[in-house]
Each structure stands twice: as C-alpha cells, then as structure tokens.
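The primary structure of each chain is shown beneath.
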Amino acid sequence: MEIDNPDLVRYWFVFDLDGHRPPPPARGEVWVDGGTRLYRILERGAGVTGYDEQDCLRLLEECAGEPLPPVESALRNPPTDPAWAGPLGNPAWRGVRYPVANMSGPAIGPVEARR
C-alpha cells in the first residue's frame, strides 16, 4: 500500500520483552493470556506510521500508556503482508496500526517532544 503523504514513513518494531513475559504455567495449568499489559500489547511487534522513527515510537508509547522497552529491531517501510490474519489499522494514516489504534482516522497534531 502506498502512503498518500510523502512526509510519512511506516515502521514495524520488535521489542525486548524479557522483563515483561509471563512465568511459565504450572503443570496442567492453561493461561489465555499473561505477562504484563505491555507484553500483551507488544508481543507480536508493533506497526506505526509517522513522520520519522522517533515520532512513531512516541505515538506507540502514548498508545501503550507507559514507557516502551528497548527496541530490538525497527524495520522501515516494511511490506504489508497480504496473508496477515489479524486486525490491522490503515498504514497510510499517521498512528498506531498494530495493535489497532487508528481505526477512527489518523493522529492529528504537531510532533510533540522527542523521546
């Protein structure tokens, strides 16, 4: 998908979630989810569209409501996988597209203070 604003760039982030992972379940125990809230939000990575990498991280941190863990990898302008089976926001809009947080439209406003 092409971005309709040439000032925007897409990123896919993977984070170091070591301190946020859930402990292993006890024998015979099954968990539907686990770990910290941040782990549940970021366990599959995060897709964000913004003006630059720092703007994308700030938008994601605002969405998460707490400081982000260290970034393991940041892929600039990743291809959109047509086989993606989960929810995905609009990658052409400024905002967090995965986990989905931009379904009502793009994030509007000036770039705030850098992270």
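Residues numbered from 1 in each chain as written. Predicted model: local features only at pLDDT ≥ 70, side-chain atom pairs only at ≥ 80, totals over all residues. Heavy atoms only, no water.

**Observations regarding the pattern of salt bridges**
Stage number 1. Throughout the structure, instances matching the rule amount to 3 salt bridges.
Stage number 2. A salt bridge links Arg94 to Asp55, with the shortest nitrogen-to-oxygen separation between them at 2.8 Å. Of this pair, Arg94 sits in the loop between strand E3 (71-76) and strand E4 (95-98) while Asp55 is found in helix H2 (residues 53-64), placing the two residues 39 residues apart along the sequence.
Stage number 3. Arg94 gets classed as buried once you look at its relative accessible area, which sits at 5%. (Salt bridge = Lys/Arg side-chain N within 4 Å of Asp/Glu carboxyl O. Helix = DSSP H or I, 4+ residues; strand = E, 2+ residues; numbered from the N terminus. Buried < 20%, exposed > 50% of the residue type's maximum accessible area, 1.4 Å probe, protein only.)

**Section: the confidence of the model for the protein chain**
One rule of thumb: low pLDDT means the predicted coordinates there are not for detailed reading.
Stage number 1. Of all residues in the protein chain, 85% attain a pLDDT of 70 or more, and the chain-wide mean is 83.
Stage number 2. For the protein chain, the element scoring lowest by mean pLDDT is helix H1 (residues 37-42), at 84; E3 scores highest, at 97. (pLDDT = per-residue confidence, 0-100.)

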